[in-house]
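Inside the fold
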Amino acid sequence: MVDGVLARSFERTGADYDRYRPGFPAEAADLLVPDRVASALDLGAGTGKFTALLLGRAAEVVAVEPSGAMLDVLRAKLPAVAAHLGSAERIPVPDSSMSVVSVAQAFHWFERDEACTEIRRVLVENGRLGLIWNRSNPSCAWDRAAHRVAHPAVSDADGTTSAAAADLPGFEPVARQEVHWTERISRSDYLRRWATVSTFLVADPDTRAEMLAQIVHILDEHPETHGSEDLELPIVTDVFVYRRA
Ligand SMILES: C[S@@+](CC[C@H](N)C(=O)[O-])C[C@H]1O[C@@H](n2cnc3c(N)ncnc32)[C@H](O)[C@@H]1O
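Residues numbered from 1 in each chain as written. Predicted model: local features only at pLDDT ≥ 70, side-chain atom pairs only at ≥ 80, totals over all residues. Heavy atoms only, no water.

1. A look at the overall build of the protein chain
As a reminder of what qualifies: The helix and strand labels rest on DSSP assignments: H or I over at least four residues marks a helix, E over at least two residues marks a strand, and numbering proceeds from the N terminus. Atoms counted for the radius of gyration: C-alpha only. Globule rule: 2.2 Å times the number of residues to the power 0.38. Accessible area is worked out with a 1.4 Å probe on protein chains only. A residue is then buried under 20% of its type maximum, exposed over 50%, and partly exposed in between. Pairs of residues are marked as contacts when any of their non-hydrogen atoms sit within 4.5 Å. His is not counted, nor are the chain ends; Lys and Arg add positive charge and Asp and Glu add negative charge. All charge positions are set by atom: Lys at NZ, Arg at CZ, Asp at CG, Glu at CD.
Helix and strand counts for the protein chain stand at 11 helices and seven strands. At 18 Å, the protein chain has a C-alpha radius of gyration in line with the 18 Å of a compact globule built from 245 residues. C-alpha extents for the protein chain along the principal axes are approximately 55 × 35 × 30 Å. Buried positions account for 51% of the 245 residues belonging to the protein chain. For the protein chain, long-range pairs separated by at least 24 residues make up 75% of all intrachain contacts whose partners lie at least 6 apart in sequence. Charged side chains in the protein chain number 25 positive and 36 negative. The centres of these two groups are separated by 3 Å.

This is the structure in structure tokens:
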């Protein structure tokens, strides 16, 4: 069961989310859309970080997102995209109209069975679904420690993604791949990034300040980040590709 309060936390962010959250490597989009297609839908599109990679890979790009604040940023950034308010459980596009559906960093917020039924409905026969998540690289101890502050219940940072991406009703798996890459990020942007994460967004101000102080402490103490203004953050992007069964 999805935590509705956390899922709706993104209603309160937009510009900050776009500025501080990481993007996705082009290789992730290549795995899902190796050849140009007629149409692609980015579901739970947020501010369009993955949607942007679909432009040039699909003749028609559609974005669906329930947060008006996120969608405003997407519309300003990507005017060529047809952007609609909507949800994965009620996708405002016609039956059999999309060659590809992508879901970046969002599938774990969906009511899984309802979303799968809807995604099947909008996909053409043989259409592809891609689930994409950025996650902490296990080799990066300081980033793992920061993740444990934000998500204490998730001991393994990729637990959410692999659990959410297991067998999907009405789909069969085609490919699964990890893309490893490194982001250069300033210490202050890394700290601001945490303020855009769902558990921070819903925390009361005192709790949020305490969580942030813990992450500052981690950066101050760890030998790889101590005294450093520029961080090298290794990221793993998981890509799960399915086809309509
Ligand atoms: C972590 S953000 C990811 C946004 C974007 N895909 C990205 O990668 O930057 C999760 C997004 O899922 C959206 N979301 C939450 N529940 C949803 C639902 N039931 N259907 C569609 N999107 C949903 C949120 O509004 C938010 O924009």
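2. Thoughts on the site of the ligand
Definition in use: A molecule or strand has a residue near it when one of that residue's heavy atoms lies within 4 Å. Polar contacts, as counted here, are pairs of nitrogen or oxygen atoms within 3.5 Å of one another; within protein the pair requires one atom able to donate a hydrogen and one able to accept it, and residues that are adjacent in sequence qualify only if both atoms are side-chain atoms. Residue burial considers only the protein chains on display, and all accessible areas are found by Shrake-Rupley using a 1.4 Å probe.
For the ligand, the set of nearby residues contains 19 residues, the closest of which are Gly44, Glu65, Ala88, Glu89 and Ala104. Glu65 places a polar side-chain atom, nitrogen or oxygen, 2.6 Å from an oxygen atom of the ligand. Isolated, the ligand exposes 600 Å² of accessible area, and the fraction of that covered by the protein chains is 95%.

3. As for the pairing of strand 1 (residues 37-43)
Our working rule: Following DSSP output, two strands are said to pair if at least two bridges run between them.
Judged by how many residues are buried, strand 1 sits mostly within the fold: six of seven residues are covered. In this structure, strand 1 lies alongside strand 2 (residues 58-65), joined through six bridges in parallel fashion. Note that in strand 2 the partner of Ala40 across the bridge is Val61. Note that strand 1 and strand 4 (residues 98-104) share three bridges and pair parallel.

4. Describing helix 11 (residues 205-221)
Basically, it comes down to this: Take the residue count of a helix, subtract one, and multiply by 1.5 Å to get its expected span. The arc under discussion is defined with respect to the helix axis, by the directions toward the C-beta atoms.
In this model helix 11 runs 24 Å from its N-terminal to its C-terminal C-alpha over 17 residues, within 8% of the 24 Å that 1.5 Å per residue would give. For helix 11, the full list of buried residues reads Met211, Ile215, Ile218 and Leu219. Buried residues in helix 11, looked at end-on, bunch into an arc of 100°, giving them a common side. Facing away from the buried side of helix 11 by over 90 degrees, the exposed positions are Pro205, Asp206 and Glu221. Summarising the contacts, the buried residues of helix 11 are in contact with helix 7 (141-150), helix 9 (187-194), helix 10 (198-202) and strand 7 (230-244). Between a side-chain oxygen at the N-terminus of helix 11 and the backbone nitrogen of Asp206 the separation is 3.1 Å; the capping residue is Asp204.

5. Quick look at the pattern of salt bridges
Let me state the cut-off plainly: In what follows, salt bridge is the name for a side-chain nitrogen of Lys or Arg lying within 4 Å of a carboxyl oxygen of Asp or Glu.
On inspection of all chains with the given rule, the structure shows 11 salt bridges. The salt bridge partner of Asp18 is Lys77, with a shortest N-O separation of 2.8 Å. One end of the pair, Asp18, is in helix 2 (residues 15-20); the other, Lys77, is in helix 5 (residues 68-77), with 59 residues separating them in the sequence. The exposure class of Lys77 is partly exposed, given its relative accessible area of 36%. Through salt bridges with shared partners, a single network forms among Asp95, Glu118 and Arg121.

6. Remarks on the packing of aromatic side chains
Note the cut-off: Only the six-membered ring of Trp is used, alongside the rings of Phe and Tyr, when aromatic pairs are assigned; centres must lie within 6.5 Å, and planes under 30 degrees apart are stacked while those over 60 apart are edge-to-face, with the rest tilted.
This structure, assessed with the given rule, holds six aromatic pairs. The interplanar angle of 65° and the centroid separation of 5.7 Å between the aromatic rings of Phe107 and Phe110 together place this pair among those described as edge-to-face. In this structure, Phe107 and Phe110 share a single accessibility class: buried. Centre to centre, the rings of Trp142 and Tyr190 are 5.3 Å apart; their planes meet at 70°, and the pair counts as edge-to-face. Note that Trp142 is positioned in helix 7 and Tyr190 in helix 9, a separation of 48 residues in sequence. For the residue pair Trp142 and Tyr190, the accessibility class agrees, reading buried in each case. Each member of the aromatic cluster is reached from another via a ring pair, and the members are Trp142, Tyr190, Trp194 and Phe200.

7. Focus on helix 7
Within helix 7, the full set of buried residues consists of Trp142, Asp143, Arg144, Ala146, Val149 and Ala150. For helix 7, the elements touching its buried residues are strand 5 (123-136), helix 9, helix 10, helix 11 and strand 7.

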